[in-house]
Amino acid sequence: MSRSAVFFALIFFALIFCVPARATVLWSDSASRVIHATPDGTDILGGAVKRDDTASDVLYFKFHVDPLSDAADEPYYALFQLNEGDTNRLAVGNAPEAWGYSACYTSETGPSNRAAGEFNLKSAHPEGSGLGGFMPYELPNHNHDKTIVFKVQYVPDGDDLITVWLNPDLTHGATVENQPENITTRFKADASFNQIRLRHDGSGGLRHDGGNGWIFSDMAIATSFNDFVVERFWQTWWFRGVVALFVLAGAGAAVLAVEKRKFRLQLQHAEQESALERERARIAQDLHDDLGSSLTRISLLGSLLRADKDNPEQIEIHAGKIAQSADQTVRALEEIVWAVRPGSDTLQSLVDYIAHFANELFNGNPTRCRLDLPNDIPARPLPPDVRHNIFLIVKEALTNVLKHADASEVNLQVKVAGSALEITIADDGRGFDFNSAATNGERNGLENMRRRAGAVGGTLALNSAPGKGSRVEFHVNFTS
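Residues numbered from 1 in each chain as written. Predicted model: local features only at pLDDT ≥ 70, side-chain atom pairs only at ≥ 80, totals over all residues. Heavy atoms only, no water.

Colleague: Would you take a moment to explain the packing of aromatic side chains for this structure?
Modeller: A ring pair, where both rings are aromatic, is described by two values, the distance of the centres and the angle of the planes. In the structure shown here, the tally under the stated rule is 12 aromatic pairs. Taking 4.5 Å as the distance between ring centres and 10 degrees as the angle between the ring planes, the aromatic pair formed by phenylalanine 63 and phenylalanine 80 counts as stacked. Separated by 17 residues along the polypeptide, phenylalanine 63 in strand β3 (residues 58–67) and phenylalanine 80 in strand β4 (residues 76–84) bring together distant segments of the chain. Take phenylalanine 63: its relative accessible area is 0%, and that puts it in the buried class. Between the aromatic rings of phenylalanine 80 and phenylalanine 150, the centroid separation amounts to 6.1 Å while the plane-to-plane angle is 70 degrees, which identifies the pairing as edge-to-face. With a gap of 70 residues between them, phenylalanine 80 in strand β4 and phenylalanine 150 in strand β10 (residues 146–153) connect regions that are remote in the sequence. (Phe/Tyr/Trp six-rings, centres within 6.5 Å; stacked < 30°, edge-to-face > 60°. Helix = DSSP H or I, 4+ residues; strand = E, 2+ residues; numbered from the N terminus. Buried < 20%, exposed > 50% of the residue type's maximum accessible area, 1.4 Å probe, protein only.)

And the structure:
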């Protein structure tokens, strides 16, 4: 396993084991229940949870309500009630005489309540009472649903401590400590239970039947407030862990990509340096071989010219050879200048120079040179060694036509299609037989051309027969 894989695995397990353990949901019922005209109610808990007067732990209760009965149906009660057998214990919802969200069967009576054992719940939206005042409760209204959470701190052999939150914040990150005080109500009550009943009823009079009841849903009992906090999947620890892993993996991949790119650039730079050294060596060799030999020949011919100064015929012969050597020297110098000139390392420059060389080579010669060149050549760079080898292939082929073919016409065609370059040189000369001993020089030239074609990743084909001319085809695909 690679070091990076081990690193990511360690981070993943660290994220798992560093996450605090969640508390336990002891019971839940997400079904929606319409509770109407149920004076005593029916147990929905089924003995799943119970506490008696010896308990000393903490439980949290939650339920959601959508009142169908409202203030016009008062007095009525609608309660989420803890029962110990048939004995009514703490109940939360709408107490019979409280007129608003409230609790009943409490050990204390609320400061704004008239009936004993009832306690109004604080609300973030209290009811107005005229003259700019507010009542310390909120009236139940249809289509104004609420979530109620209450906490019971059990006290053995005593009244239990109750805290109720009316519509608390249950979004990600919410805690008991950050709930607003204006929705928090505290009092004492006996909260022992082995049943939960949902009750609704009116006063029994002709005018007040309690309305249409309440809808109760999303009920639960847990050991922590945190269990009621709603976490979207993107807010969970495991999602954050996965995102963290992906971020780390992305950062690692980015670093690796940068390092690879840096290495490629270094390799490319090294290859360029190597190519530059090879090109310098080639130019030095050309200077020595071509210019050096030509200038040496001119110098020797000059000496012969002085020695034969009294022989007009020899002077004319020597002068002609000097002029021929001078022409060869000029061409060699032009090739070297083209090779080192800035901007020459392109396909366009290669085609242009091939055309220039062909015109110069056959200028004043009986053999006519026809050029068929593309009008639109893509802007493709060529390394110096590739450009030089392709030029030497064309130079060798054209020079062979000039020296040996005795042709009346030679055609030079260049085609460029995408990344492919094709050069064809065809003449109508005398041709030759590959097996003839007289063609050893041509075969050596052909081998040189094939070697240069292979050096640039190309192919070379030669077709010739006595009396039928010759045809040289060079083809290469450049990599992008």
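What follows picks up the thread again.
Colleague: What should I look at first to understand helix α4 (residues 347–361) in this one?
Modeller: It helps to recall that an α-helix has 3.6 residues per turn; residues three or four apart then point in one direction. Under the 1.5 Å per step criterion, the end-to-end length of α4 is 21 Å for 15 residues, consistent within 8% with the ideal 21 Å. For α4, the complete set of buried residues consists of Leu347, Ser349, Leu350, Val351, Tyr353, Ile354, Ala355, Phe357, Ala358 and Leu361. (Expected span 1.5 Å × (residues − 1).)

Colleague: Help me out: how do you make sense of the pattern of salt bridges in this one?
Modeller: Where charged atoms from two side chains of opposite charge come close, those side chains can pair. Summed over the entire model, instances satisfying the criterion amount to 11 salt bridges. With its nearest N and O atoms 2.7 Å apart, the salt bridge here joins arginine 471 to glutamate 473. Residue classification places arginine 471 among the partly exposed residues on the basis of a relative accessible area of 35%. Judged by relative accessible area, glutamate 473 falls into the partly exposed class, the value being 29%. Beyond isolated ion pairs, a larger network of salt bridges with shared partners links Glu84, Arg89 and Asp190. (Salt bridge = Lys/Arg side-chain N within 4 Å of Asp/Glu carboxyl O.)

Colleague: Would you mind showing me how to read the nonpolar core here?
Modeller: With 40 residues, the main nonpolar core has Ile390, Leu398, Leu421, Ile423, Ile425, Leu460 and Phe474 as its most contacted residues. Elements represented by at least two residues in this core include exactly α4, α5 (384–405), β16 (409–417), β17 (420–427), α6 (440–455), β18 (459–464) and β19 (470–477). Here this core takes 10 residues from α5, the largest share from any one element. Not counting chain neighbours up to four residues away, the residues in contact with isoleucine 390 comprise Leu350, Leu421, Ile423, Val456, Phe474 and Phe478. (Core = buried A, V, L, I, M, F, W, Y, C linked by side-chain atoms within 4.5 Å. Contact = heavy atoms within 4.5 Å.)

Colleague: Is there a simple way to explain unusual backbone geometry in this structure?
Modeller: A negative phi angle characterises most non-glycine residues, just as the trans form characterises most peptide bonds. Omega for the bond connecting glutamate 74 with proline 75 falls within 30 degrees of zero, at -5 degrees, which places this linkage in the cis form. Here proline 75 shows up in the loop between β3 and β4. Despite not being glycine, alanine 37 has its phi angle at roughly 55 degrees, a positive value. Here alanine 37 shows up in the loop between β2 (33–35) and β3. One non-glycine residue, tryptophan 99, lies in the positive phi region at around 65 degrees. Note that tryptophan 99 resides in the loop between β5 (87–94) and β6 (101–104). Owing to a relative accessible area of 42%, tryptophan 99 belongs among the partly exposed residues under this scheme.

Colleague: Got a minute to help me understand the environment of glutamate 97 in this structure?
Modeller: Positionally, glutamate 97 belongs in the loop between β5 and β6. For the pair formed by glutamate 97 and phenylalanine 119, sequence separation is 22 residues and the distance between their alpha carbons is 10.0 Å. Not counting residues within four places of it along the chain, the set of residues in contact with glutamate 97 comprises Pro75, Ala115 and Glu118.

Colleague: How should I be thinking about the environment of serine 107 in this particular structure?
Modeller: Within the secondary structure, serine 107 sits in the loop between β6 and β7 (118–120). For the pair formed by serine 107 and aspartate 190, sequence separation is 83 residues and the distance between their alpha carbons is 7.1 Å. Serine 107 has contacts with Asp159, Lys188, Ala189 and Asp190, leaving out every residue within four places of it along the chain. Within the structure, the side chain of serine 107 is placed 3.2 Å from the side chain of aspartate 159, a separation counted as a polar contact. (Polar contact = N/O pair within 3.5 Å; in protein donor to acceptor, adjacent residues only side chain to side chain.)

Colleague: I'm lost on the sheet that holds strand β13 (residues 195–202) in this one. Help?
Modeller: The strands that make up a sheet pair up through hydrogen bonds in the backbone, lying either parallel or antiparallel. Taking strand neighbours across the sheet as the criterion, the five strands line up as β7-β6-β5-β4-β13 in an open arrangement whose pairing is antiparallel. The open sheet has two edge strands, β7 and β13, and neither has a second partner. Within this sheet the neighbouring strands show an average axis-to-axis angle of 25 degrees, counted without direction. Bridge count for β4 against β5 is six bridges, and the pairing is antiparallel. In the sheet register, phenylalanine 80 faces β5, and the bridge partner there is valine 92. (Pairing = 2+ DSSP bridges. Axes fitted to C-alpha atoms, helices over the stretch in contact; angles between N-to-C directions.)

Colleague: Looking at this model, I keep getting lost on the sheet that holds β17. Mind explaining?
Modeller: Taking strand neighbours across the sheet as the criterion, the five strands line up as β15-β16-β17-β19-β18 in an open arrangement whose pairing is mixed. Taken across any chain shown, the strands that pair with only one partner, and hence form the sheet edges, are β15 (368–372) and β18. Within the sheet, the average angular offset between the axes of one strand and its neighbour, ignoring direction, is 10 degrees. Across five bridges, β15 lies against β16 in parallel orientation. What sits directly across from cysteine 369, in β16, is valine 410. With respect to the sheet, α5 is in contact with β16, β17, β18 and β19, its orientation differing from that of β17 by roughly 5 degrees.

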